[in-house]
Amino acid sequence: MDSLFGSAEVDDAVNDTAWLQAMLDAEAALAGAETDAGIVPAAAAAEIAAACRADRFDLSDIGRRAVGAGNPAAPLVSDLTAAVSPEARPYVHLGATSQDIVDTALSLLAQRALDMILADLGDAAAACAALTAAHRETLMRARTLLQPAVPTTFGLKAAGWLVAMDEARALLARVRFERLAVQLGGAAGTLAPLRESGVDVAHRFAERLGLAEALMPWHTDRTRIVELAAALGTVIGVLGKIALDVSLLAQAEVAEATEGRGSEHGTSSTLPQKHNPVRAVLIIAAAERAPGLVATAFHAMVQEHERATGAWHAEWETVRALLRLTGGAGHHAAELLGSLAVDPKRMGENLGSDGGLVMAESIAGLLAAKTGRNAAKDMVRRCIDEAAQRRVAFATILANDPEICSHLTAAEIAAGLDPGAYLGSAQEFITRAERAHAAVEPPR
């Protein structure tokens, strides 16, 4: 089931082996930073770094022993210490506490996963931009409260997806490059074992790992974690909205856009005629799960004094699940949007299928200029009701209504019923979306 909701690349980047390697990367970088600061002999740091390979450790055994310590860093440090020479052992984990290693490892995991997620989101955004350009003038119904509203274009709809995605990507990129930080505070945030070198070591630690340097240890200040969770939740929400739109457009009764077809993509186990929007479904499933995970991260912000009794521990699987869900949703979105089959003819047919009712606002606006808003609205409503009762096209009722014709000529009625003439600023909005997308800077 895991492959349904994740992506292979992100799943590999956050699995248990990746967690272990990230903790070892933190230990190696810490020893190196302390060598840079003149605290640890270079030979000892080199030996520690050489030992920091996940394949040299028993992951299952560390997991079992983590239960006794309440975290996986403690048994790992014990095993790492045993793996190096007696001369290097005093320098393993020097000055650090378990949370320093776990938090730093989580930042590393997130950094690596976000690089993959941002790449998929870039592909999805590029597909949105292509749809926007290709369908600038493809007329379709806009729908509000699931009911026909006024004419729009599919290009404008895709431009809305594009802007939302670019904004979500920017939020996630900010977290990736500015907010993922090393953690180094020691037992209670003072780095007392490092004496006057603590701040210098923390700086060098961050430099070695390519993570941000916090102003001070953030053991129980979980702002960075909730920013990550919120950014991931925002991305999934944006993708979920797009997926929901696609699933609605793909309904057989609508049939305006469908997912690309593959050998077994979208097939039903029982109904041969069905082509299910399965990628959209999987994205929506992620969007259903994500809010609860984000809420857990926010709830875990309330932590005791200098070290939490459980709230910190609640973050690990929560954030990993969010990374996996976002990875899967981003991957599915790139595939979905890149293969989306749009049917302009069907959009036009649906737009005109109500006999002109979608242009009621346009006609009311023309009348209002001559009769006032309330009178115009009453006239149009009367014609709508008559069209429904007589099962006659709204356009036919308008053309033969004496009161309407006393205010509008046949040419004015025809112009008011032209969907292409009632798009307002749609083209300008599309242009603005395209320009903003073109100005998006690639990840640093």
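Residues numbered from 1 in each chain as written. Predicted model: local features only at pLDDT ≥ 70, side-chain atom pairs only at ≥ 80, totals over all residues. Heavy atoms only, no water.

Participant: Even after reading the chapter, I still don't get the overall build of the protein, so can you show me in this structure?
Facilitator: Within the protein one finds 19 helices and four strands. A compact globule built from 444 residues should have a C-alpha radius of gyration of about 22 Å, whereas the protein, at 29 Å, is more than 25% larger. Projected onto its principal axes, the C-alpha positions of the protein cover 100 × 50 × 35 Å. Pairs at least 24 residues apart make up 76% of the contacts formed inside the protein by residues separated by at least 6 positions. Accessible surface, the protein as shown: approximately 20600 Å² in total, 55% of it carbon and sulfur. Looking at the protein, you have 39 positive and 55 negative side-chain charges, and the mean spots of the two groups are 4 Å apart. (Helix = DSSP H or I, 4+ residues; strand = E, 2+ residues; numbered from the N terminus. Rg over C-alpha atoms; globule rule 2.2 N^0.38 Å. Contact = heavy atoms within 4.5 Å. Areas by Shrake-Rupley, 256 points an atom, 1.4 Å probe, with all protein chains shown as cover. Lys, Arg positive; Asp, Glu negative; His and termini not counted. Charge placed at Lys NZ, Arg CZ, Asp CG, Glu CD.)

Participant: What exactly am I supposed to notice about unusual backbone geometry here?
Facilitator: Keep in mind that most residues, glycine aside, have a negative phi and that most peptide bonds are trans. The phi dihedral of H93 is positive, around 65 degrees, even though this residue is not glycine. Take H93: it is sitting in the loop between helix 6 (73-83) and helix 7 (98-134). Note on H93: relative accessible area 15%, which makes it buried. Unusually for a residue other than glycine, L145 sits at a positive phi of about 55 degrees. The residue L145 is located in the loop between strand 1 (139-144) and strand 2 (147-153) in this model. A residue is classified by how much of its surface remains accessible, and L145, at 83% relative accessible area, is exposed. (Buried < 20%, exposed > 50% of the residue type's maximum accessible area, 1.4 Å probe, protein only.)

Participant: What is the right way to look at the pattern of salt bridges in this model?
Facilitator: Proximity of charged atoms lets side chains of opposite charge pair with each other. Evaluated as defined, the whole model comprises 26 salt bridges. Note that D166 and R169 form a salt bridge whose closest N and O atoms lie 2.7 Å from each other. Of this pair, D166 and R169 both sit in helix 8 (residues 154-179), separated by three residues, roughly a single helical turn. You'll find D166 and R169 in the same group, each marked buried. Among the ionic contacts, a cluster of salt bridges with common partners joins D61, R64, R65 and D79. (Salt bridge = Lys/Arg side-chain N within 4 Å of Asp/Glu carboxyl O.)

Participant: Mind showing me how you'd approach the environment of L156 here?
Facilitator: As for its position among the elements, L156 is in helix 8. On the basis of relative accessibility, which here comes to 25%, the residue L156 falls in the partly exposed class. Taking C-alpha positions, L156 is 7.4 Å from F429, a pair spaced 273 residues apart along the chain. In contact with L156, other than residues within four places in its own chain, are A426, F429 and I430.

Participant: Whenever I open this one, the pairing of strand 1 confuses me. Can you help?
Facilitator: Side-chain direction in a regular strand flips from residue to residue, so the side chains alternate between the two faces of the sheet. The pairing of strand 1 with strand 2 spans five bridges and is antiparallel. In the strand pairing of strand 2, L139 is matched with T153. Counted between consecutive antiparallel strands, the loop separating strand 1 from strand 2 contains two residues, among which L145 sits at a positive phi close to 55 degrees. (Pairing = 2+ DSSP bridges.)

Participant: Help me understand the packing of aromatic side chains in this model?
Facilitator: For any pair of aromatic rings, the description rests on two quantities: the centre-to-centre distance and the angle between the ring planes. Tallied over the entire structure, the rule returns two aromatic pairs. Between F154 and W161 the ring centres are 5.7 Å apart and the planes differ by 90 degrees, which places this aromatic pair in the edge-to-face class. The pair formed by F154 and W161 is uniform in burial state, with each residue classed as buried. Seen from the ring of F177, R176 lies directly overhead, with NZ or CZ sitting 4.3 Å from the centre. (Phe/Tyr/Trp six-rings, centres within 6.5 Å; stacked < 30°, edge-to-face > 60°. Lys NZ or Arg CZ within 6 Å of the ring centre and 35° of its normal.)

Participant: Which parts of the structure should I look at to understand helix 14 (residues 360-371)?
Facilitator: Note on helix geometry: an α-helix contains 3.6 residues per turn, so any two residues three or four positions apart are oriented the same way. Taking 1.5 Å of rise per residue, the 12 residues of helix 14 would be expected to cover 16 Å, and the 16 Å separating its terminal C-alpha atoms lies within 8% of that figure. The complete set of buried residues in helix 14 reads A360, S362, I363 and L367. Each element contacted by the buried residues of helix 14 is listed here: helix 15 (373-390), helix 16 (394-400), helix 17 (402-405) and helix 18 (410-416). Within two residues after helix 14, G372 carries a phi angle of roughly 95 degrees, on the positive side. (Expected span 1.5 Å × (residues − 1).)

Participant: In this structure, what is going on with the packing of helix 7 against helix 19 (residues 426-438)? I would like to understand it.
Facilitator: For any two helices packed against each other, one specifies the inter-axial angle together with the distance between the axes. Here helix 7 crosses helix 19 at 150 degrees, and the two axes come no closer than 11 Å. One way to sum up the angle between helix 7 and helix 19 is to call them roughly antiparallel. Where helix 7 crosses over helix 19, the handedness of that crossing is left-handed. Residues A125, A126, A129, T132 and A133 of helix 7 form the contact with helix 19, whose participating residues are I430, E434 and H437. Its residues assigned to classes, the contact of helix 7 with helix 19 shows five nonpolar, two polar and one charged. (Axes fitted to C-alpha atoms, helices over the stretch in contact; angles between N-to-C directions. Parallel < 35°, antiparallel > 145°, perpendicular 65-115°, else oblique. Left-handed = near helix turned anticlockwise from the far one by under 90°. Nonpolar A, V, L, I, M, F, W, Y, C, P; charged D, E, K, R; others polar.)

Purely geometric numbers; function is a separate question.
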